[in-house]
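Analysis of the macromolecular model
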Amino acid sequence: MKIPKKLRLFGNDWRVIIKKYKSGNEVNDFSFNTKTIRLGGIDKDEAFFHELLEAILLNNYNRYYGQEGSMEYVFFFNHTDLCKIVKKLTDSLKDNNLLK
């Protein structure tokens, strides 16, 4: 898949930054403040979908912290929420011409 350099998400333009890191320093993350998604892992497609979906889940208030201060997030949603999540993912992919 060709990962876009810009992405329309939640009504805003986001930048997608792809970097090569030294082994063990891979970074995949997103920021609502800077409206960026950073991809640095080996499998860029998987990392792109992971960060996009996680941003959608956070935007929908479906992502919570697990243990205090850890990166073990807890995701909570029912079937209606899942339908909304899939709709936002599909709309995002269509808005960015990644789906026909």
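Above this text sits the structure in question.
Basis of the calculations
- Counting from 1, residues in each chain are numbered in the order their sequence is written.
- Only residues with pLDDT of at least 70 are given local features in this predicted model, and only at 80 or more are side-chain atom pairs given and counted; all residues enter the totals for whole chains, interfaces and linings.
- Excluded from the side-chain calculations are hydrogens and water; all other atoms, namely the structure's heavy atoms, are used.
- Any residue with an atom within 4 Å of a point lines the site, the site being either a cavity, points on a 1 Å grid over the protein atoms alone where a 1.4 Å probe fits but cannot get out, or a pocket, an open set with protein on both sides within 12 Å along at least 5 of 7 lines.
- Grid points are joined across faces, edges and corners, and a volume is the space filled by probe spheres set on the points.
- Numbered from the N terminus, helices here are DSSP runs of H or I no shorter than four residues, and strands are runs of E no shorter than two.
- Under the convention adopted here, Pro, Cys and the residues Ala, Val, Leu, Ile, Met, Phe, Trp and Tyr are nonpolar, Asp, Glu, Lys and Arg are charged, and Gly plus all remaining residues are polar.
- Pairing between strands is defined by DSSP: at least two bridges between the two strands are required.
- Note on definitions: angles span 0 to 180 degrees between N-to-C directions of axes, and those axes are lines fitted to C-alpha atoms, for helices only across the stretch in contact.
- Angles are sorted into four bins: roughly parallel if under 35 degrees, roughly antiparallel if over 145, roughly perpendicular if 65 to 115, and oblique for all others.
- Handedness of a crossing follows from how the near helix is turned relative to the far one, being left-handed for an anticlockwise turn of less than a right angle and right-handed for a clockwise one.
- In this analysis, two residues are considered to be in contact whenever any of their non-hydrogen atoms come within 4.5 Å of each other.

1. A closer look at the layout of surface pockets
Here the largest pocket is characterised by a volume of approximately 160 Å³. Elements that contribute at least two residues to the lining of the largest pocket include exactly strand 3 (29–31) and helix 1 (44–59). With four residues, the top contributor of residues to the lining of the largest pocket is helix 1. Residues belonging to the lining of the largest pocket are distributed by class as follows: four nonpolar, two polar and four charged.

2. What to know about the sheet that holds strand 2 (residues 12–18)
The strand order across the open sheet built from four strands is 1-2-4-3, with neighbouring strands paired in mixed fashion. One side of each edge strand has no neighbouring strand; the edge strands of this open sheet are strand 1 (6–9) and strand 3. For this sheet the average axis-to-axis angle between neighbouring strands, irrespective of direction, equals 25°.

3. Regarding the packing of helix 1 against helix 2 (residues 79–95)
Across the interface, helix 1 lies against helix 2 with an axial gap of 10 Å and an inter-helix angle of 130°. The angle between helix 1 and helix 2 places the two elements in the oblique class. Helix-helix and strand crossings are classified by hand; for helix 1 and helix 2 the assignment is right-handed. Only Ile 85, Lys 88, Leu 89, Ser 92 and Leu 93 of helix 2 make contact with helix 1, whose side of the interface consists of Phe 49, Leu 52, Leu 53, Ile 56, Leu 57 and Asn 59. Residue composition of the contact of helix 1 with helix 2, by class: eight nonpolar, two polar and one charged.

Purely spatial values, then, with no claim about function.
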